[in-house]
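Tertiary structure, described
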Amino acid sequence: MATQRKIAGVRGMNDLLPADAALVEWFEARVADWVRSYGYRQIRTPIVEYTELFVRGIGEVTDIVEKEMYSFEDRLNGERLTMRPEFTAGTVRAAVEHNLVYDGPKRVWSIGPVFRHERPQRGRYRQFDQVNVEALGFAGPDIDAEHIVMLARLWKTLGIGPVRLEINCLGQAEERARHRVDLIAHFERHADRLDDDARRRLHSNPLRILDTKNPALAEVVAAAPRITDYLGAASLAHFEGLQRLVGAAGIAYSVNPRLVRGLDYYNLTVFEWITDALGAQGTICGGGRYDPLIERVGGKPTPACGYAIGVARVLELLGAAADLEIGSGTDIYVVHQGGATAEPAFLLAESIRDRGLDVVCHAGDASLKSQMKRADASGAEYAVIVGESEVAAGAAAIKALRGSDATAAYAEQRIVPLAQVPDALVDAMTVTESE
Ligand code: HAM
């Protein structure tokens, strides 16, 4: 048969390979502990939702809805569907559908893939994981501050830094409407200097022009009217309340009046955490308050806020932290000589697992020497050798693979009766761990 052409993965959508899995598992375990410590419970919503949910929720004139969504028509029934480009709209849809906040506010979180058809580059992918946290039914600003302090704690737990925090207040719809009039007038005065994107958005979504990455627009944007100058007493009180709590918790931040975020549902608080260590894609987390959203998707008016962390970006920072100690996940590697030794080795591995240890049992044929190499590469603490001579004597040999005082007893192979091997390993591992 002719050799078949290889099929590659889809551009911008990455595989997680086994060598990198330990770091991801370590990260996910820290995240699960951390959200639990703040009283958040997991919510899992489908990857696919009706397209209309994102159009209404995120907003028609946003990069995500205009050009980044993976949308398709279900050929079987003609429904317009979209692979979620973020978690918030789906979480809110589920909360409304299941009446989640009927008996009081809810703290929920999710982790998983989201999809955006962006131009792939370092830190920017078409499928990427987010850790998403939402607080539904809270008017704040104490909950906005909770989100910021919990993120500061996560960065500390993970040992990543420095990460700087930028915050802004987008006020309420009426305040943004007055700001918008002046903003359009300002940009119209400088229409000759706007790029195509900005010109297109001038009347549909002028706030987003403030978010432009085009350096040619920097001067016009810097001179634009600031939303913070249009805030009324209630919005200012919310913003000040947030800043008071964040300041009291000892968290450094700066107010960036041009921070608007790329999704249309926000009001009042918005924030981003940014690192300089990742080049252009340095925002590792973004979020804010979205009081208008729940009503927009058909629920009763309910205040809410939340944020999402870009997992790949945080993992890249973690990968750069050299002192991270992540175990291999294998305690014991069982080697054997095939033939009559294969079955006792197979059963011995099971009885060691019965005692709670993580065991890899060699499968297939290979010389003892090459098996010992694999045992060493597996990161296991001990090899258990089930050779012909050992089996004939009803025993196995234990050998320490990592050098330390605790494993000195097994630095040379030590013959142990088969029935006593699991106990001997549990004892040895206990000493190794308490070192
Ligand atoms: P977002 O700012 O669009 O917010 O995304 C949150 C984070 O996801 C970003 O800060 C970034 O770390 C990561 N991210 C975004 N796009 C990509 C990409 N193409 N490749 C890799 N990472 C990326 C939201 O999604 C809102 N739903 C956050 C939120 C939750 N607001 C309220 N609740």
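Scope of this entry: the structure provided in the associated data block.

What counts and what doesn't
Residues numbered from 1 in each chain as written. Predicted model: local features only at pLDDT ≥ 70, side-chain atom pairs only at ≥ 80, totals over all residues. Heavy atoms only, no water. Near = heavy atom within 4 Å. Polar contact = N/O pair within 3.5 Å; in protein donor to acceptor, adjacent residues only side chain to side chain. Helix = DSSP H or I, 4+ residues; strand = E, 2+ residues; numbered from the N terminus. Nonpolar A, V, L, I, M, F, W, Y, C, P; charged D, E, K, R; others polar. Phe/Tyr/Trp six-rings, centres within 6.5 Å; stacked < 30°, edge-to-face > 60°. Buried < 20%, exposed > 50% of the residue type's maximum accessible area, 1.4 Å probe, protein only. 1 Å grid on protein atoms, 1.4 Å probe; cavity = no way out; pocket = protein on both sides within 12 Å on 5 of 7 lines; lining within 4 Å. Points joined across faces, edges and corners; volume = space filled by probe spheres on them. Contact = heavy atoms within 4.5 Å. Pairing = 2+ DSSP bridges. Axes fitted to C-alpha atoms, helices over the stretch in contact; angles between N-to-C directions. Salt bridge = Lys/Arg side-chain N within 4 Å of Asp/Glu carboxyl O.

1. Overview of the site of the ligand
Taken together, 27 residues surround the ligand, and among them Glu 86, Glu 118, Arg 261, Tyr 266 and Thr 283 come closest. Take Tyr 125: an N or O atom from its main chain is 2.9 Å from a nitrogen atom of the ligand. Looking at the shell around the ligand, the elements with two or more residues in it are β6 (127–136), β10 (283–289) and β11 (304–310). With six residues, the top contributor of residues to the shell around the ligand is β10. Here the residues of the shell around the ligand sort into 10 nonpolar, 10 polar and seven charged.

2. Re the packing of aromatic side chains
Applying the stated criterion across every chain yields a total of five aromatic pairs. Summarising the aromatic geometry, the rings of Tyr 265 and Tyr 266 are spaced 4.8 Å apart at their centres and angled 65° between planes, so their arrangement reads as edge-to-face. We note that Tyr 265, like Tyr 266, is buried. Considering the side-chain rings of Tyr 265 and Tyr 290, the 5.6 Å spacing of their centres and the 55° angle between planes classify their relative orientation as tilted. One end of the pair, Tyr 265, is in the loop between β8 (254–255) and β9 (267–274); the other, Tyr 290, is in the loop between β10 and α10 (293–296), and 25 residues separate them in sequence. Like Tyr 265, the residue Tyr 290 is buried in the burial classification.

3. Some thoughts on the layout of surface pockets
In this model, the second largest pocket occupies a volume close to 510 Å³. Going through the elements one at a time, α1 (18–37), β6 and α11 (311–320) are the ones with two or more residues in the lining of the second largest pocket. Residues that form the lining of the second largest pocket fall into these classes: 11 nonpolar, two polar and five charged.

4. Focus: empty space enclosed by the protein
Counted under the stated rule, the structure contains one cavity of 30 Å³ or more. The space that makes up the largest cavity amounts to roughly 40 Å³. Taken together, His 179, Leu 210, Val 221, Ala 224, Pro 225, Arg 226, Ile 227, Pro 257 and Arg 258 make up the full set of residues lining the largest cavity. For the lining of the largest cavity, a count of residues per class yields six nonpolar, one polar and two charged.

5. Description of unusual backbone geometry
In this chain, Gly 140 is followed by Pro 141 through a cis amide linkage whose omega measures 5°. Along the chain, Pro 141 falls in the loop between β6 and α5 (142–158). Located in the positive-phi region is Asn 99, a residue other than glycine, with phi close to 50°. Structurally, the position occupied by Asn 99 is in the loop between α4 (88–97) and β5 (106–115). Judged by relative accessible area, which is 41%, Asn 99 ranks as partly exposed.

6. Let's talk about the environment of Arg 296
Within the fold, Arg 296 resides in helix α10. You can call Arg 296 partly exposed: its relative accessible area is 27%. Spatially, the C-alpha atom of Arg 296 lies 53 Å from that of Arg 353, the residues being 57 residues apart in sequence. Contact partners of Arg 296, with chain neighbours within four places excluded, come to Arg 56, Gly 57, Ile 58, Gly 59, Asp 264 and Tyr 265. Among the polar contacts made by the side chain of Arg 296, one reaches the main-chain carbonyl oxygen of Asp 264 at a distance of 3.1 Å.

7. A short note on the sheet that holds β5
Pairing is mixed in the open sheet, where eight strands are placed in the order β1-β5-β6-β11-β10-β9-β7-β8. Sheet topology places β1 (41–42) and β8 at the edges, where each strand pairs with a single neighbour. Strand direction decides the pairing type here: β9 and β10, joined by six bridges, are antiparallel. Among the inter-strand pairings, Ile 274 is bridged to a residue of β10, identified as Thr 283. Against the sheet, α4 makes contact with β5 and β6, and its axis sits at roughly 45° relative to β6, the strand it touches most.

8. Points about the pattern of salt bridges
Per the counting criterion, the structure on display carries 24 salt bridges. Between Glu 49 and Arg 93 there is a salt bridge whose closest N-O contact spans 2.9 Å. Of the two residues, Glu 49 sits in strand β2 (residues 48–50) while Arg 93 sits in helix α4, which places them 44 residues apart along the sequence. Across the pair, Arg 93 and Glu 49 agree in class, each one buried. Close ionic contact of Asp 63 with Arg 201 constitutes a salt bridge, the shortest N to O distance being 2.5 Å. Of this pair, Asp 63 sits in helix α3 (residues 63–68) while Arg 201 sits in helix α7 (residues 196–201); the two residues are 138 residues apart in sequence, bridging distant segments of the chain. Ionic contacts of the salt-bridge type, sharing partners, join the residues Asp 63, Glu 66, Lys 67, Asp 197, Arg 200, Arg 201, Arg 208 and Asp 211 into one network.

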